[in-house]
2 protein chains.
Amino acid sequence: MAERKKVKLPSGFKDYLPEEERKRSEMLDAIKRNFELFGFVPLDTPGVEEEQTLTGGDPEFKKQIFKIKKSDESESLALRFDLTVPLARVVSMYPNEITFPFKRYQIGKVWRGERAQAGRFREFLQFDADVVGSGSLLADAEIVALMNQVMISLGFQNFLIKINNRKILGGLPNYVGFSKGKLDAVLRTVDKWDKIGIEGVLKELSSKNAAALSKNEARRVVDFFGIKASNNRELLRSARALISTDDAEAGFAEMEALIDHLASLGVPDDKWAFDFATVRGLAYYTGFVFETILTDLPEIGSVFSGGRYDNLVEHFGGGRLPAVGASVGVDRMLYAMEKLEVSFSSGKNMRAVVLHFDEGSLAAAERAVYELRKNGIPSEIYLGKEKTLKGQLAFAVKNNYAAAVLIGEREASAGTATIKDLKSYKQTEVAIEHVASSVKKILGGR
Amino acid sequence: MAERKKVKLPSGFKDYLPEEERKRSEMLDAIKRNFELFGFVPLDTPGVEEEQTLTGGDPEFKKQIFKIKKSDESESLALRFDLTVPLARVVSMYPNEITFPFKRYQIGKVWRGERAQAGRFREFLQFDADVVGSGSLLADAEIVALMNQVMISLGFQNFLIKINNRKILGGLPNYVGFSKGKLDAVLRTVDKWDKIGIEGVLKELSSKNAAALSKNEARRVVDFFGIKASNNRELLRSARALISTDDAEAGFAEMEALIDHLASLGVPDDKWAFDFATVRGLAYYTGFVFETILTDLPEIGSVFSGGRYDNLVEHFGGGRLPAVGASVGVDRMLYAMEKLEVSFSSGKNMRAVVLHFDEGSLAAAERAVYELRKNGIPSEIYLGKEKTLKGQLAFAVKNNYAAAVLIGEREASAGTATIKDLKSYKQTEVAIEHVASSVKKILGGR
């Protein structure tokens, strides 16, 4: 066997050790339950796809993917960079197995073949819910209702789902009077509003390095994005009075209808707001776009985002299918839950450990762990080398067990066990057949 | 945008469409709950690792991996081919975060960079539980108890955990009188016992293309593997009487002790058996090996296998740490559950769909789906284009909903909903606030 060098993790990749992984996994399970509550069904696709499927020959995508090197060069394979392209492939490949509208969710790793950068991962978990094959506004409303439900059920109270419609932004060049080609540059500047303020935006809009608008044009842009209103309907009215292009009008009508849908679906008024400055980076959105901001932690950006993309599925080979969906920012959401101490579960560690100190007590200790598990209490029996009570208790404390079950020589011969609450350090001795009920009392008291 | 070719899935890869993925996901969740019940904690590691970590420079491994091609050639990355090597890396990298014995489970995709073959996947899900850092026999017993618990809780009744100890096999050359170098060839032949019978084994053992034993040597091999006994203790006694090398004696002592541990941990006698012919392909096992066979479906082989590997962690850079673990054969287990119609859950589809037929009824329909979800019933509102009852019911039936909630013009104005049982086709009309309790009655009756 060859000698090993010191092992390491490549940069841009991350391990999730048990403490973090348990929290992440609980969060994902909770989100999954909500997706299923909303009628979404699970899908899984390989991490590896044909390069042609992923990029469609587009050089922009080619730069972003991890290609796979094989001795056999008859295939060109690569790692997926999102879950949307595989979704497009699936809806195109299985016309007989899938009924539309197709509501699917998928959790999976995706990879970005960029150079590793500080704070940017090259592998991360994506968690998407999409409705493919429905152009109905109700589908958009369902996505917002789902986002609201997920946030509430994870335990977040102070969040806001910001909603915009790309059609409004499409009407902006006509209203202001600049060429369509400048729209992206204008939106990039508007996106900095919170950071550089209204004066900063005005200045940058006129800059040669940005959209290079005239003073008057820049003013009109700021007038529009600066509209203040006390509620969503009033905001729509004010904006409609300013912009009256056909594009924008279609967007306004959709927004007006959405207000009613969200009310019927039980999404509280204070949990969402129209915001014309919500742009989303991805160019493929065609209608509504959604972002979820934590009002106590706005600096991390959106934790749950999405929108309508009526052309993307066709572009990636999936036929002419309108679609709308949303994606959980798994790492950001997890970070926010930690930071804001938000929790959907007790968050307590409800495990027990059986400690034992001599060969003769082993059978009794095994009986104890069997009883605990039979009663549904996650528990283990000490497997290490420490022979002393002190040494084994140190292990139990370091691993955050809630209760320890001690089986010494005396207990083994008496048919009892000593149950120790690892928080209060109180202990009681019970008959071995009562181990589970006794430990449950400790766990229940937490 | 470049024109798209017809998309396809590369050979050796597989999609899990919702019906199959739901079953797989439920199965994985059930297994996970049992792993946690036994005190295992979750770990996640990237799909991508340094090539050096994965192969240790061993050319055998190099042939099996998918390498990753990057423009920047300063790194050599590849896809992991199992979860054991990443475990070895983790225990070596985080000495301060991990306490030993470390009981972790991990679910994740792994890749084999072989040429695609019929029935062999190049990507599959691996699901492992391992105890690292305990040389105690109790840890081996815990793994067997876990295997038993998982099988029972998935709903399997007729299964057998076959247990062997590599140390016994290590004593075989001495006992028979052939050179150690022939052991692998001997075991490969013995492995065919069920297929070619005792005469076939005898013949092949003497063949020049196999182990080339003498007739007498072959006879002694067959004598050993053919020992019949009415129980595990008797089997041990008979085998011990035959082989008395030091190697084998250590193995026999471990097996004898295991019998008691399994009894204390509540593993029923009829669910496991010693079997000297259970070899396991992987050369890295050093002590006990385990295989789980379904007695109603023996031809698919083991669905849950493992063993002790005391040298592997060190070989892969993880320090001198004994380890024992087991791995679920996810695809085989899923296949067996289907084939044997084994189920741990009701297996019933407990979802409802709200149907609606005109714009004016939409708000009432949205109210209905809100009520259903508020009461924890997975449900959706029809998002397609069909406007007729017939068309929407066809969608509901095709998607296996248990109940449909119909909101027509009449219902919308009366504040009611018609609830249709999609099995019996019986229907009742209820006030809209009673939608959830009425649907629950249908779901409860299934």
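Source: prediction; values computed, not measured.

Parameters and conventions
Residue positions are counted from 1 within each chain, in the order its sequence is given. Chains carry letters from A onward and ligands carry numbers from 1 onward, assigned in written order. pLDDT decides what is reported in this predicted model: residues at 70 or higher carry local features, side-chain atom pairs at 80 or more are listed and counted, and totals for whole chains, interfaces and linings draw on all residues regardless. Hydrogen atoms and water are omitted, and side-chain values are computed over all heavy atoms in the structure. DSSP calls a pair of strands paired once it identifies at least 2 bridges connecting them. Only DSSP runs of H or I reaching four residues or more are called helices, and only runs of E reaching two or more are called strands; each is numbered from the N terminus. Least-squares fitting of one copy onto the other uses the C-alpha atoms of those residues that reach a pLDDT of at least 70 in both copies. Contacts: residue pairs with any heavy atoms within 4.5 Å of one another. The quantity reported as buried area is the accessible area (1.4 Å probe) lost by two parts once they are put together, taken as the sum for both. In the sections that follow, a salt bridge refers to a side-chain nitrogen of Lys or Arg positioned within 4 Å of a carboxyl oxygen of Asp or Glu. Counting of polar contacts relies on pairs of N or O atoms within 3.5 Å, with two restrictions inside protein: one atom must be capable of donating a hydrogen and the other of accepting it, and residues adjacent in sequence are counted only when both atoms are side-chain atoms. Polar here means any residue outside two lists: the nonpolar Ala, Val, Leu, Ile, Met, Phe, Trp, Tyr, Cys and Pro, and the charged Asp, Glu, Lys and Arg; Gly therefore counts as polar. When accessible area is computed with a 1.4 Å probe and restricted to protein chains, residues below 20% of their type maximum are described as buried, those above 50% as exposed, and intermediate ones as partly exposed. The source of the domain bounds is an automatic or database domain assignment. Note on definitions: angles span 0 to 180 degrees between N-to-C directions of axes, and those axes are lines fitted to C-alpha atoms, for helices only across the stretch in contact. Geometric relationships in this document are graded by angle, where less than 35 degrees denotes roughly parallel, more than 145 denotes roughly antiparallel, 65 to 115 denotes roughly perpendicular, and other angles denote oblique. By definition, any crossing whose near helix is turned counterclockwise from its far helix by less than a right angle is left-handed, and any crossing with a clockwise turn is right-handed. In summary, the pairing rule links any two rings of Phe, Tyr or Trp, Trp by its six-membered ring, whose centres are within 6.5 Å, and it sorts them by plane angle into stacked for under 30 degrees, edge-to-face for over 60 and tilted for everything else.

Novice: Before we move on, could you go through the sheet that holds strand β1 (residues 41–42) of chain A and cite the residues and values that matter?
Specialist: Residue and element names in this part refer to chain A. An order of β1-β5-β6-β11-β10-β9-β7-β8 is seen for the eight strands of this open sheet, with the pairing classed as mixed. At either end of the open sheet lies a strand with only one pairing partner, and these are β1 and β8 (272–274). Direction of pairing for strand β9 (residues 288–294) relative to strand β10 (residues 304–308): antiparallel, over a ladder of three bridges. Pairing of E291 across the sheet is with S305, part of β10.

Novice: Account for the relation of the copies chain B and chain A, naming residues and giving values.
Specialist: For the pair of chain copies, the relating operation is a rotation around an axis with a shift along it. Each copy superposes on the other: chain B lies on chain A with an RMSD of 0.1 Å after a rotation of 180 degrees and an axial shift of 0.0 Å. As the rotation angle and translation indicate, the two copies are arranged about a two-fold axis. Of the C-alpha atoms belonging to chain B, the one lying closest to the rotation axis is found on B:I68, 2.2 Å away. When the interface residues of chain B are mapped onto chain A, 100% of them again fall at the interface, so both copies present the same face.

Novice: Mind laying out the interface of chain B and chain A, listing which residues take part and the relevant values?
Specialist: Counting from both sides, the interface comprises 103 residues of chain B and, opposite them, 103 residues of chain A. Between chain B and chain A, roughly 8,900 Å² of surface is buried when both sides are summed, and carbon and sulfur atoms account for 58% of that area. Remark: the boundary between chain B and chain A carries 14 salt bridges. Of the charged contacts in the structure, one is a salt bridge between A:E380 and B:K103, with a shortest N-O distance of 3.5 Å. Linking chain B with chain A are 32 residue pairs in polar contact (both at pLDDT 80 or more). Counting residues per element, the side of chain B that touches chain A draws most heavily on helix α1 (residues 18–37) of chain B, at nine residues. Split by residue class, the side of chain B that touches chain A holds 42 nonpolar, 24 polar and 37 charged. As paired strands, strand β3 (residues 67–69) of chain A and strand β3 (residues 67–69) of chain B are joined by three bridges and run antiparallel to one another.

Novice: Could you give me a rundown of the pairing of strand β14 (residues 403–407) of chain B, with the residues and numbers involved?
Specialist: Residue and element names in this part refer to chain B. Extensive coverage of β14 is indicated by the burial of five of its five residues. Here β14 shows no split at all, with A403, V405 and I407 on one side and A404 and L406 on the other all buried. Bridge count between strand β12 (residues 352–356) and β14: five bridges; the pairing is parallel. Each bridged residue has a counterpart across the sheet, and for H356 the counterpart in β14 is I407.

Novice: Give a detailed account of the domain arrangement of chain A, specifying residues and quantitative values.
Specialist: Examined at the domain level, chain A breaks down into domain 1 (18–45 + 80–176 + 227–339) and domain 2 (352–445). Distance between the C-alpha centres of domain 1 of chain A and domain 2 of chain A: 48 Å.

Novice: Outline helix α4 (residues 84–93) of chain B, listing residues and values.
Specialist: Residues and elements named next belong to chain B. Of all the 10 residues making up α4, nine are buried; the element is thus mostly covered by neighbouring parts of the structure. Taken residue by residue, α4 has T84, V85, P86, L87, A88, R89, V90, V91 and S92 as its buried positions. Buried positions along α4 lie against β2 (48–50), α2 (51–55), β5 (102–111), β6 (123–132) and α13 (312–315).

Novice: Any chance you could break down the pattern of salt bridges for me, citing the residues and the numbers?
Specialist: Across all of its chains, the model carries 66 salt bridges over all chains by this definition. In this structure, A:R24 engages A:E21 in a salt bridge whose closest nitrogen and oxygen atoms are separated by 3.0 Å. Of this pair, A:R24 and A:E21 both sit in helix α1 (residues 18–37), three residues apart, roughly one helical turn. Here A:R24 matches A:E21 in class, with each residue buried. Several salt bridges share partner residues, and in doing so they unite A:E21, A:R24, A:K109, A:E123 and B:D44 into one network.

Novice: So what about the packing of helix α15 (residues 362–374) of chain B against helix α18 (residues 435–445) of chain B? Which residues, and what values?
Specialist: Residue and element names in this part refer to chain B. The N-to-C vectors of α15 and α18 enclose an angle of 60 degrees; their axes lie 8 Å apart at closest approach. With respect to α18, the axis of α15 lies oblique. Where α15 crosses over α18, the handedness of that crossing is right-handed. Mapping the contact onto sequence places A368, E371 and L372 in α15 and V435, A436 and V439 in α18. Residues that form the contact of α15 with α18 fall into these classes: five nonpolar, no polar and one charged.

Novice: Talk me through the side chain of B:K103; I want residue IDs and the actual numbers.
Specialist: Residue placement: B:K103 occurs in strand β5. Residue B:K103 is classed as buried on the basis of its relative accessible area, which comes to 3%. Beyond its immediate chain neighbours, meaning those up to four positions away, B:K103 contacts A:R373, A:E380, A:L383, B:F38, B:G39, B:F40, B:V41, B:D130, B:V131 and B:E142.

Novice: Any details on the pairing of β5(B)? Residues and values, ideally.
Specialist: Residue and element names in this part refer to chain B. With nine of 10 residues buried, β5 lies mostly within the body of the structure. One ladder, built from two bridges, connects strand β1 (residues 41–42) with β5; its direction is parallel. Along β5, the bridge assignment pairs P42 with Y105. Bridging between β5 and β6 involves 10 bridges; their strand directions are antiparallel.

Novice: Give a detailed account of the sheet that holds strand β11 (residues 323–328) of chain B, specifying residues and quantitative values.
Specialist: Residues and elements named next belong to chain B. Strand order in this open sheet of eight strands is β1-β5-β6-β11-β10-β9-β7-β8, and the pairing throughout is mixed. Of all strands in the sheet, those with a lone pairing partner are β1 and β8 (272–274), marking the two edges. Against the sheet, helix α14 (residues 330–339) engages β6, β9 (288–294), β10 (304–308) and β11, with an angle of about 105 degrees to β6.

Novice: Before we move on, could you go through the packing of aromatic side chains and cite the residues and values that matter?
Specialist: What characterises a pair of aromatic rings is the spacing of the ring centres plus the angle enclosed by the ring planes. Applying the stated criterion across every chain yields a total of 33 aromatic pairs over all chains. Judged by centre distance (5.7 Å) and plane angle (65 degrees), the rings of B:Y284 and B:Y309 are edge-to-face. Of this pair, B:Y284 sits in the loop between β8 and β9 while B:Y309 sits in the loop between β10 and α13, and the two are 25 residues apart along the sequence. Clustering of aromatic rings is evident, with ring pairs tying together A:F35, A:F40, A:Y105, A:F127 and A:F304.

Novice: Kindly report on unusual backbone geometry, identifying the contributing residues and their values.
Specialist: Residues and elements named next belong to chain A. Look at the link from F100 to P101: it is a cis peptide, with omega at -5 degrees. Checked against the element boundaries, P101 lands in the loop between α4 (84–93) and β5 (102–111). Not every positive phi belongs to a glycine, and N400 is a case in point at roughly 60 degrees. Tracing the backbone through its elements, the reader meets N400 in the loop between α15 (389–398) and β14 (403–407).

Novice: An account of the side chain of A:S438 is needed here, citing residue identities and associated values.
Specialist: Checked against the element boundaries, A:S438 lands in helix α17 (residues 435–445). For A:S438, the contacting residues outside a window of four places in its chain are A:I419, A:T428 and A:V430.

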